[in-house]
Amino acid sequence: MGAVSRPARRPEEDSADVDLVRRIRAGERAAVDGLYQRFSRPAYALARRILADDALAEDVLQEVFVSVWRDPAAFDRSRGTVASWLLGMVHHKAVDAVRREESQRRRRARAEDDLALSAPTGTRYVEEDAFARVVSERVRLALGVLPSLQREALTLAYYGGYTQREVAALTGAPLSTVKTRMLAGMRRLREELGERAGGRSPGGALGGAAVDGSTR
């Protein structure tokens, strides 16, 4: 999974982001455009990696910035940076979109199962696709039980393809703190996945994605 490069955010950049949110609260539509210019690229990249669909990723991006315009007071500076707030919304809405798509796929899968009764090879493909969906859902459920800061770091690494340095830049946390969060989150995640899989972690792909190339 390729990383999406993003330079480290300086304090003055974070302050500028907060000022844009303040102006949005005051009703300045131009401030939404400014925020979009700053974050549309990493936000779209994150949504695209979760959804694997250009059109759905665009829909999520539009939904996020409409939400920012409608409820800018949802941003709480004491809980993190504007970057982490926006990307957190992108992750949440993208996962919701995945669930909606999953429901539609299940309905289609039931129809495919009927056709597969007379096609053994087709049945095998349906079963493999169903297993992949189960593994993906287990990962999402396991991420949901982690503390928010650990979940944020691992989500950016796994779904967003960011390195640990880039996660630190996006969240405004020191690199050493990000490494600690990701290590603790991975330990908890392995335990959770092991419990959900009856003692065997499904696939192990998340572990590699979260830590490989972490200091590039």
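Scroll up a little and you will see the structure.
Predicted model only: the values in this text are computed from it and were never measured.

A.B. asks: Run through the environment of valine 82, naming residues and quoting values.
C.D. replies: Note that valine 82 resides in helix α4 (residues 82-116). Along the sequence, valine 82 and leucine 170 sit 88 residues apart, while their C-alpha atoms lie 8.9 Å from each other. If we skip the residues at most four places from it in the chain, valine 82 touches Asp17, Val18, Val21, Leu35, Phe39 and Phe75.

A.B. asks: Go over helix α7 (residues 164-171), please, and point to the residues and values.
C.D. replies: Within α7, 7 of the 8 residues are buried, leaving the element largely enclosed by the surrounding structure. Buried within α7 we find Gln164, Glu166, Val167, Ala168, Ala169, Leu170 and Thr171.

A.B. asks: Can you lay out unusual backbone geometry for me, pointing to particular residues and giving the numbers?
C.D. replies: Leaving glycine out, the prevailing phi sign among residues is negative, and the prevailing peptide bond configuration is trans. The residue alanine 52 is not glycine, and still its phi comes out positive at about 55 degrees. Summarising the element assignment, alanine 52 is placed in the loop between α2 (29-51) and α3 (54-70). You can call alanine 52 exposed: its relative accessible area is 56%.

A.B. asks: So what about the packing of α2 against α3? Which residues, and what values?
C.D. replies: It is the contact of α2 with α3, at a shortest axis distance of 9 Å, that shows an interaxial angle of 145 degrees. Handedness of the α2/α3 crossing: right-handed. Residue-level inspection shows Arg29, Val32, Leu35, Tyr36, Phe39, Ser40, Ala43, Tyr44, Ala47, Arg48 and Leu51 of α2 in contact with α3, the latter providing Asp54, Leu56, Ala57, Glu58, Val60, Leu61, Phe65, Val68 and Trp69. Of the residues belonging to the contact of α2 with α3, the class tally is 15 nonpolar, 1 polar and 4 charged.

A.B. asks: Go over the nonpolar core with me, naming the residues and quoting the values.
C.D. replies: With 50 residues, the main nonpolar core has Leu35, Val60, Val82, Trp85, Leu86 and Leu189 as its most contacted residues. Residue assignment for this core shows that the elements contributing at least two residues are α1 (11-25), α2, α3, α4, α5 (120-144), α6 (148-158), α7 and α8 (175-196). When residues in this core are grouped by element, the largest group, 10 residues, is from α4. Once residues lying within four places of it in the same chain are set aside, the contact partners of leucine 35 are Asp17, Leu20, Ile24, Phe65, Val68, Val82 and Leu86.

Rules of the game
Residues numbered from 1 in each chain as written. Predicted model: local features only at pLDDT ≥ 70, side-chain atom pairs only at ≥ 80, totals over all residues. Heavy atoms only, no water. Helix = DSSP H or I, 4+ residues; strand = E, 2+ residues; numbered from the N terminus. Contact = heavy atoms within 4.5 Å. Buried < 20%, exposed > 50% of the residue type's maximum accessible area, 1.4 Å probe, protein only. Axes fitted to C-alpha atoms, helices over the stretch in contact; angles between N-to-C directions. Left-handed = near helix turned anticlockwise from the far one by under 90°. Nonpolar A, V, L, I, M, F, W, Y, C, P; charged D, E, K, R; others polar. Core = buried A, V, L, I, M, F, W, Y, C linked by side-chain atoms within 4.5 Å.

That's the geometry; what it means functionally is another story.
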